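# Architecture and fold: a report
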Amino acid sequence: MNKGALAAAAALALTALAAGPVSASSDQASTLAKGSVTLIDTQNNTRGATVSVGKLPTEIALSADGQTAYLLNTVSNTVSLVSRASGVLTSRTINAGRYPIGLAMTPSGNRVFITRHQNNGPGSVLPVKAATGLPGTSVSPPSQQGYVRNAAAVSPDGREVFAEEGSVFGTWEGLLPIRTAGDRVGAPIKFARQPYGIEDMAFTPDSKTLYVLSSTSKQALLTPIRTATGKVGRSITLSAFPDAVAMTPDGRFIYISDHYHGTVKVVRTSTDSVIKTIKINFAEALAMAPDGKTLYVGAAAPGTGAGEVIPISTASNTAGSPVTVSPDGDITALAVTPDGSAVYAALGFNDEVVPIDTATQAVQTPIPVGVHPALLAMARDGTLFVVNSPNQG
């Protein structure tokens, strides 16, 4: 989940615990502006249509054909289906129930799974048919076992969805596995004591291992889970406040950014060990090139704070020359075109997206979008979906 979105959603959730449910009709929610989605044609770097979505969009998932985007609107308690299939950008809304907090889609694009937190209850995972937007029967942990929390991830083979789960009594946290065939709940996978919270998850391409990044204010853990057995491997200890995770397409390396300590950690998955720490000031957003040869890091220049995009060679794990894209930082997201010829940086302060030619490192003309672009998603045909979320700025 985007860090700004997570912080905003967490603040509203704390308000809900003290003052009752957050909904679109609550006083606090009513003051928030709606988000929007803007399309960019990356072949000629032109801005396309923009359509309104719900309040505080925090997650986006694209259908397999890239024609439809599914956005989780945390405050509106909805999911927006944004479609360009007809040639006209449209948006319709699905009621997601109270406190929707996580979103994951099957690789086939057939179904979307929404995690929902529930005060004084177990929470649930809601499956939705992607084509029709029709919700199925929600799935919850067994009574007195645990409760559903934030994160969700679907395995690359589409067979299982994993939702973050915490113990009712606060003694452990882990994952709730759900078989997508029949939505059958498996035994909980317990891997850490609270108060660790899951920041991100990444699967190896063969679906055999799920890496879970969790953290507290003191340290972070990267924990490998063998999905066939639910066996928890030895956790890798990292510095606190990790930001983003990226994996090479072959699954050999994992990269973890940490803006607080100004680093990108490199983890070799064959040994589950950190093999290098790359110093990059205010390293935050990550995007992997489709061929896996280059990782792009959104950062800020030491001293000036200028927004920079820094390429890292995954062969040598060394940083290349920074490309300055903004005088004031705030790179909220990155995305790479399918052919790897360009990387796009979303600038939250400037309300624009900046293209960079990866061959020449030349910065192209910034493209104005909506207020505070926070998320980027690249379709297979090179259409870029930009999620604008005013309340994250």
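Here the structure is a predicted model, which is why all the values come from computation and not from measurement.

### Notes on unusual backbone geometry
Located in the positive-phi region is Ser207, a residue other than glycine, with phi close to 70°. Structurally, the position occupied by Ser207 is in the loop between strand S15 (197-203) and strand S16 (209-215). The phi torsion at Phe282 lies on the positive side, around 55°, for a residue other than glycine. Along the chain, Phe282 falls in the loop between strand S23 (273-279) and strand S24 (286-288).

### Comments concerning the side chain of Thr115
Residue placement: Thr115 occurs in strand S8 (residues 111-116). Reaching out from Thr115, the side chain makes a polar contact with the backbone nitrogen of Gly102 at a distance of 2.9 Å. From its side chain, Thr115 meets the backbone oxygen of Asn150 in a polar contact 2.8 Å long. When residues no more than four places from it in sequence are discounted, the contact partners of Thr115 are Tyr99, Pro100, Ile101, Gly102, Ser124, Val125, Val148, Arg149, Asn150, Ala151, Ala152 and Ala163.

### A word on the sheet that holds strand S9 (residues 124-129)
Across the sheet, which stays open at both edges, the three strands sit in the order S7-S8-S9 with antiparallel pairing between neighbours. Bordering the open sheet on either side are strand S7 (100-105) and S9, each of which pairs with just one other strand. Taken over all neighbouring pairs, the strand axes of this sheet differ in orientation by 25° on average, direction set aside. For S7 and S8, the ladder comprises five bridges, and the chain directions are antiparallel. Of the residues in S8, the one forming a bridge with Pro100 is Arg116.

### Examining the confidence of the model for the chain
Confidence in the prediction of the chain, expressed as mean pLDDT, is 90, and 91% of residues score 70 or more. The model gives residues 4-25 a pLDDT under 50, and that stretch makes 40 contacts with residues more than four places away or in other chains.

### Let's talk about the pairing of strand S22 (residues 263-268)
Examined bridge by bridge, strand S21 (residues 253-258) and S22 share six bridges and lie antiparallel to one another. The residue of S22 that forms the bridge with Ile254 is Val267. From the end of S21 to the start of S22, which pair antiparallel, there are four residues, and Gly262 there has a positive phi angle of about 65°. Bridge analysis of S22 against S23 gives six bridges, and the strand direction is antiparallel. The residue bridging Thr263 from the neighbouring strand is Lys279, located in S23. In this structure, the hairpin formed by S22 and S23 is closed by a connection of four residues, where Asp272 is found at a positive phi of approximately 50°.

### Focus: the pattern of salt bridges
All chains considered together, the criterion is met by five salt bridges. Between Asp183 and Arg111 there is a salt bridge; the shortest N-O distance is 2.7 Å. A residue pair is termed long-range when its members are at least 10 positions apart, and Asp183 in the loop between strand S12 (173-179) and strand S13 (184-185) and Arg111 in strand S8 qualify at 72 residues. Of the two residues, Asp183 and Arg111, neither departs from the other in class, the shared state being buried. Between Arg226 and Asp272 there is a salt bridge, with its nearest N and O atoms 3.3 Å apart. Taken together, the residues span a long stretch of sequence, with Arg226 in strand S17 (residues 219-226) and Asp272 in the loop between S22 and S23 at a distance of 46 residues. Judged by relative accessible area, which is 31%, Arg226 ranks as partly exposed. Linked by salt bridges that have partners in common, Arg149, Glu164 and Glu173 make up one network.

What counts as what
Per chain, residues are indexed from 1 in the order of the written sequence. At least 70 in pLDDT is required for a residue's local features to be given in this predicted model, at least 80 for side-chain atom pairs to be given and counted, and no such filter applies to totals for whole chains, interfaces and linings, which use all residues. Excluded from the side-chain calculations are hydrogens and water; all other atoms, namely the structure's heavy atoms, are used. Secondary structure counts use DSSP, requiring at least four H or I residues in a row for a helix and at least two E residues in a row for a strand, with both numbered from the N terminus. Here a polar contact is taken to be a pair of N or O atoms separated by no more than 3.5 Å, where protein atoms must pair a possible hydrogen donor with a possible acceptor and residues adjacent in sequence count only if both atoms sit in side chains. By the convention used here, residues are in contact when the closest approach between their heavy atoms is within 4.5 Å. Criterion used throughout: strands pair if DSSP finds at least two bridges between them. Each axis is a line fitted through C-alpha atoms, taken for helices only over the stretch in contact, and angles between the N-to-C directions span 0 to 180 degrees. One number per residue, pLDDT, summarises how confident the predictor is, and it ranges from 0 to 100. When a carboxyl oxygen of Asp or Glu lies within 4 Å of a side-chain nitrogen of Lys or Arg, that pair is called a salt bridge. Partly exposed residues are those whose accessible area sits between 20% and 50% of the maximum for their type, while under 20% is buried and over 50% is exposed, using a 1.4 Å probe and protein chains only.

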